[in-house]
Amino acid sequence: MSRLAKTATLGFTLIEVLVTMLIFALGLLGCAALQGRAQKSQQEAYQRVYAINMLTIMLGNISANSDARGCYQLGGTELGVGYRKPYKCTSYGSAEAQQRAADSVNQWSALLQGVHTINGENNVGGLLNARGCIEFDSASSRYIVTVVWQGLTEARATDSSCGEGNYGGASNRLRRLVSGTFYAPDLKG
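Note that this is a predicted model, so its numbers are computed, not measured. (Residues numbered from 1 in each chain as written. Predicted model: local features only at pLDDT ≥ 70, side-chain atom pairs only at ≥ 80, totals over all residues. Heavy atoms only, no water.)

## A word on the overall build of the protein chain
Looking only at helices and strands, one finds three helices and six strands in the protein chain. By residue count, 33% of the 189 residues in the protein chain fall in the buried class. By sequence separation, contacts in the protein chain at least 24 residues apart represent 61% of the contacts at least 6 residues apart. Summed over all atoms, the accessible surface of the protein chain reaches about 11800 Å², with 57% contributed by carbon and sulfur. (Helix = DSSP H or I, 4+ residues; strand = E, 2+ residues; numbered from the N terminus. Buried < 20%, exposed > 50% of the residue type's maximum accessible area, 1.4 Å probe, protein only. Contact = heavy atoms within 4.5 Å. Areas by Shrake-Rupley, 256 points an atom, 1.4 Å probe, with all protein chains shown as cover.)

## A few points about the confidence of the model for the protein chain
Summary statistics for the protein chain give a mean pLDDT of 82 and a share of 87% for residues scoring 70 or more. When mean pLDDT is taken per element in the protein chain, strand 5 (residues 142–150) scores highest with 89 and helix 1 (residues 3–10) scores lowest with 56. (pLDDT = per-residue confidence, 0-100.)

## Some remarks on the sheet that holds strand 5
Across the sheet, four strands lie side by side as 1-4-5-6; this open sheet has antiparallel pairing. A strand with exactly one partner marks an edge of an open sheet, and here the two such strands are strand 1 (78–80) and strand 6 (175–183). Across the sheet, the axes of successive neighbouring strands diverge by a mean angle of 25 degrees, strand direction being ignored. Bridge analysis of strand 1 against strand 4 (residues 131–137) gives three bridges, and the strand direction is antiparallel. What sits directly across from Glu78, in strand 4, is Cys133. Helix 2 (residues 14–64) rests against strand 4, strand 5 and strand 6 of the sheet, and its axis sits at about 25 degrees to strand 6. Against the sheet, helix 3 (residues 95–112) touches strand 1, strand 4 and strand 5, its axis set at about 65 degrees to strand 1. (Pairing = 2+ DSSP bridges. Axes fitted to C-alpha atoms, helices over the stretch in contact; angles between N-to-C directions.)

Structure, rendered in structure tokens:
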């Protein structure tokens, strides 16, 4: 075998090196896309945990303030983003219980608005575009507390009137939702 033939078979050709670099570059692009998806999934999971905490706070407040549970009947009022006026309760229980209920509703609304973390003059803490609703079913003495927020990617639409039309138009495909129920016991015997 000639000397030229031996050296040609020992090394890589330029085309082989370019093909290898192309495959490696495509692999890196795939890893970068996977990293972006992982970050979105992590943010969605964080927001869901935060929403569950918000839900638990309000369910605990309703449970703890049995004298003024009627104050938590908000009907169609959506607290959180877009709700600016202070909530007041003037019926159900003592004045102190009414004030506790109003304070807990106002604090919950502020937390949904992200007031605990401020950047300049903007609230940046908490959930994205969060709203909270509290409904009462008098037939079963059941409170339904719902927290909705805006997700990062489209998903299946949720069945709730809370935040309807505010998350991805009429389809609500950006709306995320957690909901919990508290059954109020009849303490009057």
